[in-house]
Every structure is written in structure tokens, then in C-alpha cells.
Amino acid sequence: MSNEIRRATFASIEQSTADDWAHILQNAAPYSAGVPERVLNHLRLLQGEHHGLPVDRYTHCLQTATRAYRDGRDDEYVLCSLLHDIGDSLAIHNHAEIAAAILKPYVSERRHWMILNHPVFEGFYFYDKVGVDRVLREQFRGHDGFDDAAEFCGEYDQMAFDANYDTLPLEHFMPLVMSLMSAPRVAAEPEAISVG
Ligand SMILES: [Fe+2]
Ligand SMILES: [Fe+2]
């Protein structure tokens, strides 16, 4: 909470001073450090949201991560697996863009692409059952990330709806999330300094 922190007095950004920014950026650091915790809280919003699916969307995320983890995937891959559907609550029509945006500062370009484009690769396993061309993923044939995304959906994502599977709890993945999302992989771009 920032109730006791002194506030700058500018009325527009143009009026702000270097001292203002030193003060603001210093005090914003704990807020920035709270990103992993807030992301996990958001993931928890998917608890109970099953809409007829064999498992709720939260369990699906955990099971995707569990399967990747048990298959020996690295921490970054497991993080991507855990959060790949986190956008369902706010952007159900373009959920992958939310997950990819959240993950972008913390993962490689290759993994970012995999998560951003996973829906059409997942569609290979069911689109034909809802009247959509199941091979929409072919638009990406030849792309460097094609095999990664096909493997992610084939081995983990589309497999993670088993109500009888021994899915690990979120607590198991917390250290990994806290570690990987504690700081961006590369120094923040100027536009990443967010003030509102
Ligand atoms: Fe998805
Ligand atoms: Fe999924």
C-alpha cells in the first residue's frame, strides 16, 4: 500500500521533475515486484469455471503445467504451460494474447510465439467438431515455431482435461513463478515505465 508515501505535486507529466521520478520509480519497485503474486491471483479466477469441460479451466492450466513438468521440461516451459490460458477470464475470444503479453518480458521469443499462437494448434484436435477447419495451423507451416506449438498442444494442452489425473497444486509451481517473474529477462524498454 502506498498511503504513507509522499506524493509529487505536478498536475501534468510535463511539469514533473527528475526528483519526482527518482521518488516515484523507487516507490514503484515493490508494486512491480508484486506482479507474480497478482498473476497467480488472476489465475485463481479460473477455479470452478468448467462450463461443461471435464475439469475447470484452473485445473486445466495446472494439469498442463504438471504434464510438462513431469516430462522434464525446463522452468520457462512449465511457466508458459501454467499461464497459457490465464486470459480466459478477461479475453475469452483472444485469450492467448493476454497470456503471451504477460509472459513476454520473462520468456524467450520462441516460447512467447508458442503461447501466442497455441489456439489454432489446439484447434487441430477439435475444430472439426465445431464446424471449423481443423488444419488452420497450416498457415504457420514452415515457421520456426510450428513444431514447438504443435508439440505443446499435442503433448500437454489437449491432454490436460483428465479429471482422474494426479494434478499438482498451484503451490508446487509458486517458487518457479516467483523466480522467473521476479524481473524481466532484459532491461525494460523506455515505454515499459508505466505511470498510467
Ligand atoms: Fe488456450
Ligand atoms: Fe489450454
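Residues numbered from 1 in each chain as written. Chains lettered and ligands numbered in written order. Predicted model: local features only at pLDDT ≥ 70, side-chain atom pairs only at ≥ 80, totals over all residues. Heavy atoms only, no water.

Student: If you had to explain the nonpolar core to someone new, which residues and values would you point to?
Tutor: Membership of the largest hydrophobic core comes to 39 residues, with the highest contact counts inside it found for Leu 43, Leu 79, Leu 82, Leu 83 and Phe 121. In this structure, Leu 43 is in contact with Tyr 58, Cys 61, Leu 82, Leu 83, Ile 86 and Leu 170, ignoring residues within four places of it in sequence. (Core = buried A, V, L, I, M, F, W, Y, C linked by side-chain atoms within 4.5 Å. Buried < 20%, exposed > 50% of the residue type's maximum accessible area, 1.4 Å probe, protein only. Contact = heavy atoms within 4.5 Å.)

Student: How would you summarise the coordination of the iron ion (ligand 1) if you had to cite specific residues and measurements?
Tutor: Geometry reference: four tetrahedral donors at a metal, ideal angle 109.5 degrees. Six octahedral donors, ideal angles 90 or 180 degrees. Protein ligation of the iron ion (ligand 1) involves Asp 85 (OD), His 95 (NE2) and His 118 (NE2), the donor distances falling in the range 2.1 to 2.2 Å. Taken in chain order, the donor set of the iron ion (ligand 1) reads D-x9-H-x22-H. Here the iron ion (ligand 1) and the iron ion (ligand 2) are spaced 3.6 Å apart, and both take Asp 85 as a donor. Of this pair, Asp 85 sits in the loop between helix H4 (75-83) and helix H5 (95-103) while His 118 sits in helix H7 (residues 118-122), and the two are 33 residues apart along the sequence. Note on accessibility: Asp 85 and His 118 belong to one class, buried. (Donors = N, O, S within 2.8 Å, 3.2 Å for Na, K, Ca; no water. Helix = DSSP H or I, 4+ residues; strand = E, 2+ residues; numbered from the N terminus.)

Student: So what's going on with unusual backbone geometry? Residues and values would help.
Tutor: Located in the positive-phi region is His 51, a residue other than glycine, with phi close to 50°. In this structure, His 51 sits in the loop between helix H2 (35-44) and helix H3 (57-70).

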